[in-house]
Amino acid sequence: MPQNYLLDTDVALARMVLTEVGILEKQLIRWMAEMEKIDGQIFWKLSDAWVARHKSRIAAYYGISKQPLLDNITIDHVPLTACMMGELLGIGSLPHPPNWFRRYAKQEISHTLGIETSRLFPAKYKLSDIAPSHQPKQGMLNYMRLFRSSGHSLPDEHWFDQAVRDIDEMSRDFPHLLWLVREAMVREDRASSVNDMDSRLELFQVPNVPRPSKKTLSRFSARLSETDGHQDLDFARCFLQEYGRFSEIHHIYYDLTCVPPLYRAAIFPRFVRLINWVFPKAGSVFRLAEAIIQNPGLYTFRHARPQDIGIMTFGKHYALRTKFPATKGALPKRSECGSLFSNPEVSASIFPGCLCMIAAAKDSSDVPWLLSLCTQALKKEDVSQFNRLVAAVGEIATPDAIRGLARLRSKVRHSTMLVQLDAALAHAASASGLTTVEAEELVAPQYGLNEHFCRVGDLSDGIRLVLSITGSGQGVIRYEDAEGKQLSKLSEKVRKAPGVEAILRAARADAKMLTADMSTHRLRLERSWLTGQTWLYSVFQERWLSHPVLGWLARRQIWLVAEPDGTVFTCLFGRNGEVYDPDGNKHLPLKAGVLLSLWHPLHSEGKDADGKSIVARWRATLERLKISQPIRQAWRETYTLTQAERESSPASYRYAGRILNQPQVVEIGRKRGWRIRNLSPHIPSSESAPWTFGLPAHGIYAEIRTGGVGINDLEHGAGTFTHVITDRVRFCVLKDQGNWLYDGGRKLTEMKTPLRLGDISQVVFSEIMRDVDLMVSTAASNISFDPETISSIPDLGVWRRQSGLANISISNESHFGGLAQSRREAIVSLLPSFKAGDAISVDGNYVFINGVRHNYKINIGTGDVMVIPYNRHLVLRSDIGKFSYDESSEYVPLHDDDQLALIINRITMLLKDNRIRDQDILDQLTSLSD
C-alpha cells in the first residue's frame, strides 16, 4: 500500500466502510428515483404540505392567527419522516424507502426552531454518539439535495481506489505540491499537533504584492547565505516547475486544495484515521457507514462545479494555524466565506514566496523556465501570477532576462500586465545603467546571421539550409544545392540523414523567434517618433549597422541626420555602409558626432529647386532600388490639423460618431500600445475610462472617449458590448514624478488637463491620428447614425440605454481613411508594372479592370470585387494563390499592408480571368452569362 505511514489494516477497514457507504447511498438514490416517477417535484410538495399542516396545528393549539413562530416554520424544518407521509398529498402509499433510512428518519427531528412547542415537538431526538461531528439538521429537502442521481455524492469504494491511484501519481510526479496540500490539511486540522507542522511554510510567507520589496528580498538573501539555504532554493525551483506542469494538466481554481487529485491524495490519510478512530464507538462497519450517510453535510462532494467532484466538505473549515503563534489564546474561528486560508499570519499560497527566493538567488539558469511560466500565465490571462513572474525575471536582470521580457511585451494586451511588465523590464535595464530601449538594442539576438543577413548550414549531400530575413522582417528558410540553386523541398533521403531533423527543428524555431523579434524591433523603432529617441552616429553604427538583424532593418529605413552646425538632411545606408541621398547618389561619409533619428514625411514638407518634394524623390529612389520598407516612410500617411479642429480645440471630432466592432478595435489598439478597457453593460464605470496612449517624452497623453451602444439589443448575460461608438480625441498633460526612461513609467500621472491641438507636435498628432484611423478602418461596422441625434445626447454613456440600434441603416460605403488613400497611391504607382495598358485604371476609391470574360471593379478600402455591369458581388477567398504581376520584380512599396497584397493578387487574376480554374469562381461567373 502506498501510504507506508498507515497500517494496512487501517486502510482495509476504511475501504470496507466506504464500500458499505456506496451500497447505502445507491439504495437511497434508487428510492428517490421511484418517488420522482410519481411526481418530479414530490419532495418540494411534501415539504410545503408539511409546513402548511403544522402551521395550522400550531395556530389552532395556541389560538393564534398570526405570530412570528408561524413565519419561522419553513421547509428547512421539515423532518425526514415527512417524505414517507403520502397522506400529506392525498396519496395512499409511497414507495418503501431503505430500512436504514426509515430507521434514521424516525429518530431525526429538526430542532432548528430553537424552542419546544409542547406535544408537537417531543424531546426524543438525540444525536448519535458515533457521529463524527455535531451540527443542526437542515430539514428533509436539504438532506435530499445532498445526493445526486449519479450516486456519487459521498466517498465510496470508487473514491477510495481513485485516491490510492492519486497518491501514487502525485507522490511520483508532483511531490512538492503534495507536500504543500498535506501541510495545509495538517494545519487546518484542530486535532493535529504543532510538532507535526513544517516551518518551511512560514519561510515562504510574503506580502501579497506584485513586486517583492527590498526587505523581503533581503530576508531571502539572508536565508540563502545560511548553510542549508540552498535546500530551500532547490525546493522553490522544484515547486514552481511542478506548479507549471501541473497547471497545464489541471485547472487550478483558487488554490491547490481545490484540485481533486491533490486533494484526494492529501485528505486520504486524515480520512482513514478518522474512520479508524470512530470505528470502536460504532462497533461495526455497517453502523459506521450509517453514521456517515446520516451526516452527509460533512462528507458530501461540493456542488455547482463538476470539477470539484471528489472534494468533500470535510467538517468545518478553519483558517490555517501558524507554527509560531504571536499570541496564545482561542483558536481562530471559521471564516464566514468558508475559506481555508483566511488567517493573515500564514497561508498555503507560497507561489510568491518561492519566486522571491528565486529572485534573491539571481541565477541566470532560472530565466528560461521562468519565462516559459510567464508565457503560460499570459495564455491563461492569470494576471496575478504573470505580474509576480515578470517581477522575478526583472530582478535577475541578465541579458536573457531583458531579451525575454522584451519578447513578452509584444504579446501582452492586458493593461495591468503591461504596466508590471514595463516596470520589470525597466528594473532589469536600470541594473545595468541603461534605459529600456538601450537594453533591448544591446541584447538583441543575432541568430548566427552573417553580414549578408543570412545563416547557412550544411545538411547532407551538398544540400544547404539558409535562414534569412524577408518581407517586413519575417524569418524564412530555403534550401540550396551545391551550385546555389534554390530547391522547392528536401528529398526524403536528405531528411532522413543523421542529424538533419535536429538541424531543421532548430532552424524552424529560430525562424519563428526571428519573426517575433523583428516585429518587436519594428514597432519599437516606429514608436521612436513618439518617444523622441535619437542616436549618436558612433552608437548607431555599433548597435544597428553592425548588428546582422537590426542592420537589416536599419538599411531599409530613411534617416534624418542633424549635424552640429545645424545642417539637417536625409539619407539611406547601403549594404556596405555607403550613405545615399534622396536621389540615390552616394553621399559623403557621416561624421561620428552627428545625431540620427528616424525620418518622418512631416520632417520634410518643402520642395527642392526643381519643385520636387523630398517624399517624391525618396519614393522614386526606393522603387528604383527595389527597397521595400518594413516601416513605411516615403509612403506613410500623414494627418495634419484642420481648420475645423482648430476651432473645436482642444478636442478633435475627426473620428467621432463611428460605430466599431469592439473585439476588433480592442485587439488592434492594444497591439499598438493603447490602454483600452472593454466596455461592459454590467460595469457602467468602464465608460468613464477613455482609451489612452502615453507620450511621456512630450509630457502628454492621447485619449479617445468611447461608449458602448445597444444594451437592449444584447443577448441576456452578454459580458461586453459588441459595438462601441467613438467620441472626441484629446491630448492632456502627463506628469512624471520619476524618470520614465528608467522606471518603466511607474510614476506617471494623467492630469486630465487638456492641451490645445495647435500646441501638439505635428508628427505626434499625425501618428496618433494614424493609429485612430487604423482602428476605425479595420473595425468599422458600417453602421451610421444621424449626426444631429448624436449631438443631442449630452453624455455618451446614455447610448448604453438606447434601444433599436440593431435596426440602424447600413452605410453603402466603407471608411476610406488615410491608410486606404496611401494604398491608392501605391496602386497608381504600380500600374505600369502590370503592362496592361488601358485594361487597368483607378478612379476614386475603385480599381477598374477589363478582363477577358467580364469587367470588374475592386474597392481599394475593402478589397471587395464587383462584376460590371451586373453589380454582382464576386466572392473570392483570401487564400487564392499569389499571381506575380511582374516576373522580373517582386517590389511592393507597402510591405505591412496585407490588403494591398490581396488587391494586387486579385488584379492580376482578374486581368486573365479566362485562365481561372477555381470551380467556385467559375460557377459565379457562369451564372452571369445565364
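So, how was this worked out
Per chain, residue numbering runs from 1 following the sequence as it is written. Local features in this predicted model are restricted to residues of pLDDT 70 or higher, and side-chain atom pairs are both shown and tallied only at a pLDDT of 80 or more, whereas totals for entire chains, interfaces and linings draw on every residue. Where side-chain values are given, they derive from all heavy atoms of the structure, hydrogens and water being excluded. Put simply, DSSP marks the helices as runs of H or I at least four residues long and the strands as runs of E at least two long, and each gets a number from the N terminus on. Think of it in three bands: residues with accessible area under 20% of the maximum for their type are buried, residues over 50% are exposed, and the middle band is partly exposed, with areas taken using a 1.4 Å probe on protein chains only. Residue contacts are defined here by distance: any two heavy atoms, one from each residue, within 4.5 Å place the two residues in contact. Method for areas: the Shrake-Rupley scheme with a 1.4 Å probe, in which residue coverage is limited to the protein chains shown. Angles here are taken between N-to-C directions and fall from 0 to 180 degrees, while the axes themselves are lines fitted to C-alpha atoms, restricted in helices to the stretch in contact. An angle below 35 degrees is read as roughly parallel, one above 145 as roughly antiparallel, one from 65 to 115 as roughly perpendicular, and any other as oblique. Stacked, edge-to-face and tilted labels apply to pairs of Phe, Tyr and Trp rings (six-membered ring for Trp) whose centres lie within 6.5 Å, assigned for plane angles under 30 degrees, over 60, and everything in between, in that order. For every residue, the predictor assigns a confidence score, pLDDT, that lies between 0 and 100. In this description, strands pair whenever DSSP reports at least two bridges between them. Three classes are used: nonpolar for Ala, Val, Leu, Ile, Met, Phe, Trp, Tyr, Cys and Pro, charged for Asp, Glu, Lys and Arg, and polar for all others, with Gly counted as polar. Here, patches come from residues exposed beyond 30% relative accessible area and free of salt bridges, joined within 9 Å for like charges and within 5 Å for nonpolar side chains (Val, Leu, Ile, Met, Phe, Trp, Tyr). Here, a salt bridge means any Lys or Arg side-chain nitrogen found within 4 Å of an Asp or Glu carboxyl oxygen. For the purpose of counting charges, residues Lys and Arg are taken to be positive, whereas Asp and Glu are taken to be negative. His and the chain ends are not included. Charge positions come from single atoms, namely NZ of Lys, CZ of Arg, CG of Asp or CD of Glu. Note on disulfides: each one is a pair of cysteine sulfur atoms within 2.5 Å. For our purposes a nonpolar core is just a set of buried Ala, Val, Leu, Ile, Met, Phe, Trp, Tyr and Cys residues, chained together by side-chain atoms within 4.5 Å.

Secondary structure assignment for the protein chain yields 32 helices and 21 strands. Within the protein chain, buried positions represent 50% of all 930 residues. Within the protein chain, contacts between residues separated by at least 24 positions form 69% of all contacts whose residues are at least 6 apart in sequence. Per element, the accessible surface of the protein chain, about 44100 Å² overall, is 51% carbon and sulfur.

Across the interface, helix 15 (residues 383–396) lies against helix 17 (residues 415–430) with an axial gap of 8 Å and an inter-helix angle of 10°. Viewed along their axes, helix 15 and helix 17 adopt a mutual orientation that is roughly parallel. On helix 17, the residues that touch Val-383, Phe-386, Asn-387, Val-390, Ala-391, Gly-394 and Glu-395 of helix 15 are Thr-416, Met-417, Gln-420, Leu-421, Ala-424, His-427 and Ala-428.

With that settled, consider the packing of aromatic side chains. Following the criterion strictly, the structure yields 26 aromatic pairs and no others. A ring pair is formed by Trp-179 and Phe-235, whose centres lie 5.2 Å apart and whose planes are at 80°; its orientation type is edge-to-face. One end of the pair, Trp-179, is in helix 7 (residues 175–188); the other, Phe-235, is in helix 10 (residues 229–249), and 56 residues separate them in sequence. In this structure, Trp-179 and Phe-235 share a single accessibility class: buried.

What follows deals with the confidence of the model for the protein chain. For the protein chain, the mean per-residue pLDDT works out to 81, and 82% of the residues sit at or above 70. Here residues 327–343 is modelled with pLDDT under 50, and outside its nearest four sequence neighbours on either side it reaches 27 contacts, counting other chains as well. When the criterion is pLDDT under 50, residues 881–889 qualifies, and its contacts beyond four places in sequence or with other chains add up to 18 contacts.

This next bit is on unusual backbone geometry. With an omega dihedral of 15°, the bond running from Ser-649 to Pro-650 counts as a cis peptide bond. Mapped onto the fold, Pro-650 is located in the loop between helix 25 (643–648) and strand 11 (651–652). One non-glycine residue, Lys-362, adopts positive backbone phi at about 55°. Topologically, Lys-362 is positioned in the loop between helix 13 (351–361) and helix 14 (367–379). Accessibility expressed as a relative area gives 46% for Lys-362, which makes it partly exposed. Its identity as a non-glycine residue notwithstanding, Glu-381 has a phi of 55°, on the positive side. Examined against the element boundaries, Glu-381 turns out to sit in the loop between helix 14 and helix 15.

With that settled, consider the pairing of strand 14 (residues 700–708). Each regular strand displays side chains that alternate between the two surfaces of the sheet. Most of strand 14 sits inside the fold, with eight of its nine residues counted as buried. Across five bridges, the pairing between strand 13 (residues 691–695) and strand 14 is antiparallel. Residue Leu-695 lies in a different strand from strand 14, and its bridge partner there is Ile-700. The turn joining strand 13 and strand 14, which pair antiparallel and follow one another in sequence, is formed by four residues; a positive phi near 70° is taken by Gly-699.

We now examine the packing of helix 9 (residues 214–224) against helix 13. A pair of packed helices can be characterised by two numbers: the angle between their axes and the separation between those axes. Relative orientation of the contacting elements helix 9 and helix 13 amounts to 70°, with a least axis distance of 9 Å. When the interaxial angle is binned, helix 9 and helix 13 end up roughly perpendicular. Contacts between helix 9 and helix 13 involve Thr-216, Leu-217, Phe-220, Ser-221, Arg-223 and Leu-224 from the former and Gly-353, Cys-356, Met-357, Ala-359, Ala-360 and Ala-361 from the latter. Here the residues of the contact of helix 9 with helix 13 are counted per class, giving eight nonpolar, three polar and one charged.

Before going further, it helps to spend a moment on the side chain of Arg-672. Within the fold, Arg-672 resides in the loop between helix 26 (662–671) and strand 13. Look past the residues within four positions of Arg-672 in its chain and what remains in contact with it is Leu-523, Glu-526, Arg-527, Phe-693, Arg-770, Asp-771 and Leu-774.

Turning our attention to the sheet that holds strand 2 (residues 464–470). Here we have four strands laid out as an open sheet, ordered 1-2-3-4, and antiparallel in their pairing. If you trace the sheet from one side to the other, it starts and ends with strand 1 (454–458) and strand 4 (486–487), each paired once. The pairing of strand 3 (residues 474–480) with strand 4 spans two bridges and is classified as antiparallel. Looking across to strand 4, one finds that Tyr-479 is bridged to Leu-487.

Let us look at the sheet that holds strand 17 (residues 840–843). Ordered by their spatial adjacency, five strands build an open sheet running 17-18-19-20-21, and the pairing between neighbours is antiparallel. Here the strands that pair on one side only, and so sit at the sheet edges, are strand 17 and strand 21 (872–874). Looking at each pair of strands side by side, their axes are set apart by 30° on average, direction ignored. Where strand 19 (residues 855–859) meets strand 20 (residues 865–868), four bridges bridge the pair, whose relative direction is antiparallel.

On the surface, Arg-853, Lys-912, Arg-915 and Arg-917 cluster together into a positively charged patch. Along the polypeptide, Lys-912 turns up in the loop between helix 31 (898–911) and helix 32 (919–929).

Quick look at the pairing of strand 20 now. Of the two faces of strand 20, the one lined by Val-865 and Val-867 is fully buried and the one lined by Met-866 and Ile-868 carries no buried residue. Joining the antiparallel neighbours strand 19 and strand 20 is a turn of five residues, in which Gly-863 adopts a positive phi near 85°. Bridge count between strand 20 and strand 21: three bridges; the pairing is antiparallel. By the bridge assignment for strand 21, Val-865 is matched with Leu-874.

Turning to helix 26, a few remarks are in order. Side chains three or four residues apart in an α-helix point the same way, a direct result of the helix having 3.6 residues per turn. Considered for burial, the residues of helix 26 that qualify are Gln-662, Val-665, Val-666, Ile-668, Gly-669 and Arg-670. Gly-673 occupies a position one or two residues after helix 26 and carries a positive phi of about 100°.

Within the element layout of this structure, Val-78 appears in the loop between helix 3 (68–72) and helix 4 (99–107). Val-78 sits in the buried class, given a relative accessible area of 0%. Residues Val-78 and His-54, spaced 24 residues apart in sequence, show a C-alpha to C-alpha distance of 9.7 Å. Beyond its immediate stretch of four places on either side in the chain, Val-78 contacts Ser-47, Trp-50, Val-51, Gly-139 and Met-140.

Relative to the helices and strands, Asn-387 resides in helix 15. Discounting chain neighbours no more than four positions away, the residues touching Asn-387 are Pro-210, Thr-416, Met-417 and Gln-420.

The next point concerns the state of the cysteines. Tallied over the entire structure, the rule returns zero disulfides. The structure places no disulfide on Cys-356, whose sulfur is separated from the nearest cysteine sulfur, that of Cys-354, by 9.2 Å. Residue classification places Cys-356 among the buried positions, given a relative accessible area of 6%.

A few words now on the nonpolar core. Among the nonpolar cores identified, the biggest contains 130 residues, and Phe-43, Tyr-143, Met-144, Phe-239, Leu-256, Phe-268 and Phe-386 are the most heavily contacted of them. Tyr-580, Trp-618, Ala-826 and Leu-922 belong to the second-largest nonpolar core, a separate cluster that totals 39 residues.

Close approach of charged atoms lets side chains of opposite charge pair. Taken as a whole and judged by the stated rule, the model has 47 salt bridges. Two residues, Asp-189 and Arg-270, come together in a salt bridge whose shortest N-O distance is 3.8 Å. Remark: Arg-270 occurs in helix 11 (residues 260–282) and Asp-189 occurs in the loop between helix 7 and helix 8 (200–203); sequence separation between them is 81 residues. A single burial state applies to Asp-189 and to Arg-270, both of which are buried. One salt bridge connects Asp-366 with Arg-237, and the closest N-O pair in it is separated by 2.9 Å. Here Asp-366, found in the loop between helix 13 and helix 14, pairs with Arg-237, found in helix 10; they are 129 residues apart in sequence, far enough to count as distant. For Asp-366, a relative accessible area of 2% translates into the label buried. Judged by its relative accessible area of 16%, Arg-237 is buried.

Relative to the helices and strands, Trp-599 is located in the loop between strand 10 (595–598) and helix 24 (614–625). Exposure remark for Trp-599: the relative accessible area of 0% places this residue in the buried category. Beyond its immediate sequence surroundings of up to four residues, Trp-599 is in contact with Trp-529, Ile-558, Trp-559, Leu-560, Thr-570, Ser-604, Ile-614, Val-615, Trp-618, Gln-633 and Ala-634.

Quick look at the environment of Leu-24 now. Among the structural elements, Leu-24 can be located in helix 1 (residues 8–38). It is 9.9 Å that separates the C-alpha atoms of Leu-24 and Asn-99, two residues lying 75 residues apart in sequence. Contact partners of Leu-24, with chain neighbours within four places excluded, come to Trp-100, Phe-286, Ala-289, Glu-290 and Ile-293.

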